[in-house]
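If you want the building blocks of each chain, they are given just below.
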Amino acid sequence: MSTFETTEEFKTRQQIDQPLETQFNGSTEFILVSDHQTSARQTRNFSDFCAAGLKNVFRKKTLYRRLPILQWLPHYNREDAIGDLIAGITVGLTVIPQGLAYSGVAGLPTQYGLYGAFMGCFVYVILGTCKDSTVGSTAIASLMVFQFAKGVWQRAVLLTFLTGLIELLMALFRLSFIIEFVSGPVSAGFTSAVALIITTSQIKHIIGVKNAKGTTFLERWISMISDIGNVRMADTILGCSCVLILMLMRSMGRIRVGPKDNRKWYHAMATRVLWFLSVSRNATLVIFFAAVSMYMKAHDMNYFRLTGYIPGGLPEFGLPPFSIEAKPGNETTGEPAVEAETFVEMVNNMGYGLIIVPLVALLENIAACKALAKGKPIDTSQELIAMGIANVANSFFQGYRANGGLARSAVNNASGVRTPLGNMYIGAIVVFALLYLTDFFYYIPKAVLASIIISAVIFQVQYQVIVPMWRSKRTDLIPYFVAFIACLVMPLELGILSAIGVNLLFILYHSARPKVRLETLETKDGLKFLKLTPDRCLIFPSVEFVRNIVLKFGNKTTLPVVIDCTYIYSADYTAAKVISSLLDDFNQRKQKLIFFNLKPNVAHIFDGLNVNLTLCYNTTALTQALSESEEGGEINLALEPDIETGVRMSTESLNSASTVDVSLNVSTDKITKL
């Protein structure tokens, strides 16, 4: 609350009669928290700055913060090892089918989903801060790669490398606060739109349509409807059945066998078996239908479209491709021709993806960490470092973008993971699959992989937030639906930027219309004045609005006007110019304008334009300034009727006059009489 609003100093005659030289000594009304200024500025050259930076880097505290493995590894025990092993195997059975499926969302050959699923895990063991987080392909990351790489693996790998470097730069300059500009409604709308887009991209595999092209939601539906005559009934039945089976198996994890009380050991075991079948449902479905496809293939029954050949072994280690060599098409295999591209052309084709992809990745990763942190703080800078290095490492093994996924991390948490070392077992399982299981992957039906993706992303449609937003603040629905609709009908980067822009407009409009408390007060000596109290800082969007209010009510009387600056913690050049203009208006009318409790840092900004301000930092000084104003000229007591009726004398409280909050909801033309 304003110190002016709670003061009692107008009550006693002794305080009013204090001499002028004591008015600014020992004031308890102005509290300066921190002005961040020193009397003498120390000069440091570049070598001193570098030496101090290196000294800080090699401190033990910094080393433990940037290498989190040093914090938990010395205390690692047998229970931790068992918990991490079980969780790693459980999540690994989920990562492999998801990696195979998400590569299709990214528009890349199937093996690239596994190429990007092991190096990130190994890096996160050393640099990760959240024990539950797992690094690998996610639905959102895959869709973003498709949007900006356009199905060209060289672009996808280079995008992974460059966005990893950008994440490291964001961590170096501590830019993780950028995600704070993406509000909850925008994030929810974006995630919901992405879920529908990914579902649409997999419908073509469910119904067996080949010519489903396009980059946006509408384009893909239009192309599928135009090719509806080529639907494959066997794939459609298989895909729909698999979606239904996965939904049922998902619900099995919530089944609790036996009574609530007096549970036997076999009740707990049966419950645990059902839970394991639920979390490993993707792997179970893939193994079963791949075996069925192998049997059918052996008997020349080719009813389903299969994944096809996947190169065995680990990818070659090497730098990411910084250019694309031209390659002619192959009509026999159906491979299209590849045009040559230089590094600059590849970067130009990625466009805004170099900014949008790291931003969305940070949102996804931090959301997963916060959901499972149980109230513990998250070091966002360290998470940026971990994800940045993980993706740079992925790019050296031809992997595409990997993030921390909430669904996988939730399974990891439920499996009893104890430390980030669980990621090592996940990566080892992926490596094992690449070395020994690629021949088996040939027989996985595409409809099964598509059903895995659909059953996973369909629950990311956040329709449940609509009712709470309607009940709490309905204007939040606008950025939600802007993000949702814009991402469906436009490219993703334009959709999310549009939603963020709309949300920032709301913030700017709110800052441009501050509430101003208006009071007509009178001291015990009969000195009347108008007091206006803005509730926030004076910056360029709001200062003109405040100026108009001061002029509007100042013109209605010749009483001195006091602006209570208790809540004004900052200002800018535009505010200083407007205040200078406001003082000129009051000086022309020979009306006093006093600034009460103006912070020194704000006064310094006004001093830059040589603005002559009347400043008061306690009520004694204010009384003296009002007395001088009364002696300088006759005060017109013929106030506007709606203000005059609110002025009354009180020996109990100064704040007993009419009060008006001038804001968006209260017209400045109507003053409420209290």
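Residues numbered from 1 in each chain as written. Predicted model: local features only at pLDDT ≥ 70, side-chain atom pairs only at ≥ 80, totals over all residues. Heavy atoms only, no water.

Caption draft 1: Representation of unusual backbone geometry within the structure. For Lys150, which is not a glycine, the phi torsion comes out positive at approximately 55°. Relative to the helices and strands, Lys150 is located in the loop between α8 (139-149) and α9 (153-172). What makes Lys150 partly exposed here is its relative accessible area of 46%. Phi is positive for Lys590, close to 55°, though the residue is something other than glycine. In this fold, Lys590 is placed in the loop between α26 (573-588) and β6 (593-596). (Helix = DSSP H or I, 4+ residues; strand = E, 2+ residues; numbered from the N terminus. Buried < 20%, exposed > 50% of the residue type's maximum accessible area, 1.4 Å probe, protein only.)

Caption draft 2: Expanded view of helix α25 (residues 540-554). Between its terminal C-alpha atoms α25 stretches 21 Å, which fits the 21 Å expected from 15 residues at 1.5 Å a residue. Burial within α25 is extensive, with 11 of its 15 residues counted as buried. For α25, the set of buried residues is Pro541, Ser542, Val543, Phe545, Val546, Arg547, Ile549, Val550, Leu551, Phe553 and Gly554. (Expected span 1.5 Å × (residues − 1).)

Caption draft 3: Fine view of a nonpolar patch on the surface. Together, Leu218, Ile222, Phe481, Ile485 and Val489 line one region of the surface with nonpolar side chains, adding up to about 450 Å² of accessible area. Listed by contribution, the elements that provide at least two residues to the nonpolar patch are α11 (217-226) and α23 (477-489). Tracing the chain through its elements places Phe481 in helix α23. Residue class for Phe481 comes out partly exposed when judged on its relative accessible area of 35%. (Patch = residues over 30% accessible without salt bridge, like charges linked within 9 Å, V, L, I, M, F, W, Y side chains within 5 Å. Areas by Shrake-Rupley, 256 points an atom, 1.4 Å probe, with all protein chains shown as cover. Salt bridge = Lys/Arg side-chain N within 4 Å of Asp/Glu carboxyl O.)

Caption draft 4: Broad picture of the pairing of strand β5 (residues 561-564). The alternating pattern of β5 places Val561 and Ile563 and Val562 and Asp564 on opposite faces, both of which are buried. Summarising the sheet, strand β4 (residues 528-534) and β5 pair through 3 bridges and their orientation is parallel. Of the residues in β5, the one forming a bridge with Lys531 is Val562. The parallel pair β4 and β5 is bridged by α25, and the resulting crossover is right-handed. You can see the chain leave β5, run along α26 and come back into β6, and the turn it takes is right-handed. (Pairing = 2+ DSSP bridges. Right-handed = clockwise from strand over helix to strand, strands pointing away.)

Caption draft 5: Main features of the side chain of Gln111. Inspection of the secondary structure assignment puts Gln111 in the loop between α5 (78-105) and α6 (112-115). On the basis of relative accessibility, which here comes to 10%, the residue Gln111 falls in the buried class. Those residues within four positions of Gln111 in sequence are excluded, and the remaining contacts are Ile310 and Pro311. (Contact = heavy atoms within 4.5 Å.)

Caption draft 6: Region of the structure containing the packing of α5 against helix α18 (residues 406-414). Two elements in contact, α5 and α18, have axes separated by 8 Å at closest approach and are oriented at 155°. When the axes of α5 and α18 are compared, the pair comes out roughly antiparallel. For α5 against α18, the interelement crossing comes out right-handed. Residues Ala87, Thr90, Val91, Thr94, Val95 and Gln98 of α5 lie in contact with α18, whose contacting residues are Arg408, Val411 and Asn412. Here the residues of the contact of α5 with α18 are counted per class, giving 4 nonpolar, 4 polar and 1 charged. (Axes fitted to C-alpha atoms, helices over the stretch in contact; angles between N-to-C directions. Parallel < 35°, antiparallel > 145°, perpendicular 65-115°, else oblique. Left-handed = near helix turned anticlockwise from the far one by under 90°. Nonpolar A, V, L, I, M, F, W, Y, C, P; charged D, E, K, R; others polar.)

Caption draft 7: Structural context of helix α10 (residues 184-207). End to end, α10 covers 35 Å across 24 residues, agreeing with the expected 34 Å (1.5 Å per residue, within 8%). Largest kink in α10: about 25°, centred on Ser201. Once α10 finishes, Gly208 follows within two positions and takes phi at roughly 80°, a positive value. (Bend = angle between axes of the 7 residues up to and from the residue.)

Caption draft 8: Spotlight on the environment of Met233. Along the chain, Met233 turns up in helix α12 (residues 233-252). Spatially, the C-alpha atom of Met233 lies 7.8 Å from that of Gly208, the residues being 25 residues apart in sequence.

Caption draft 9: Highlighting the packing of α10 against α11. Where α10 meets α11, the axes come as close as 10 Å, and the angle between the chain directions of the two elements is 20°. Taken together, the axes of α10 and α11 lie roughly parallel to each other. Handedness of the crossing formed by α10 with α11: left-handed. The residues of α11 that touch α10, namely those facing Leu196, Ile197, Thr200, Ser201, Ile203 and Lys204, are Phe217, Arg220, Trp221 and Met224. Here the contact of α10 with α11 is composed, by residue class, of 6 nonpolar, 2 polar and 2 charged.

Caption draft 10: Broad picture of the environment of Val125. You can see Val125 is positioned in helix α7 (residues 119-127). Residue Val125 is classed as buried on the basis of its relative accessible area, which comes to 7%. Along the sequence, Val125 and Thr419 sit 294 residues apart, while their C-alpha atoms lie 8.4 Å from each other. Residues within four places of Val125 in sequence aside, it is in contact with Ile69, Trp72, Pro420, Leu421, Asn423 and Met424.

Caption draft 11: Representation of the side chain of Ser451 in the model. Along the polypeptide, Ser451 turns up in helix α21 (residues 446-457). Of the residues examined, Ser451 reaches a relative accessible area of 0% and is grouped as buried. Beyond its immediate sequence surroundings of up to four residues, Ser451 is in contact with Ile206, Gly239, Cys242, Val243, Leu246 and Leu285.

Caption draft 12: How the structure looks around the environment of Tyr480. Here Tyr480 lies in helix α23. Tyr480 sits in the buried class, given a relative accessible area of 4%. Between the C-alpha atom of Tyr480 and that of Val502, which follows or precedes it by 22 residues, the distance is 9.9 Å.

Caption draft 13: Structural view of the nonpolar core. Membership of the largest hydrophobic core comes to 101 residues, with the highest contact counts inside it found for Met144 and Phe190. With 9 residues, the top contributor of residues to this core is helix α16 (residues 353-372). Once you skip the residues sitting within four places of it in the chain, Phe190 turns out to touch Ile140, Met144, Val360, Ala483, Cys487, Leu492 and Ile496. (Core = buried A, V, L, I, M, F, W, Y, C linked by side-chain atoms within 4.5 Å.)

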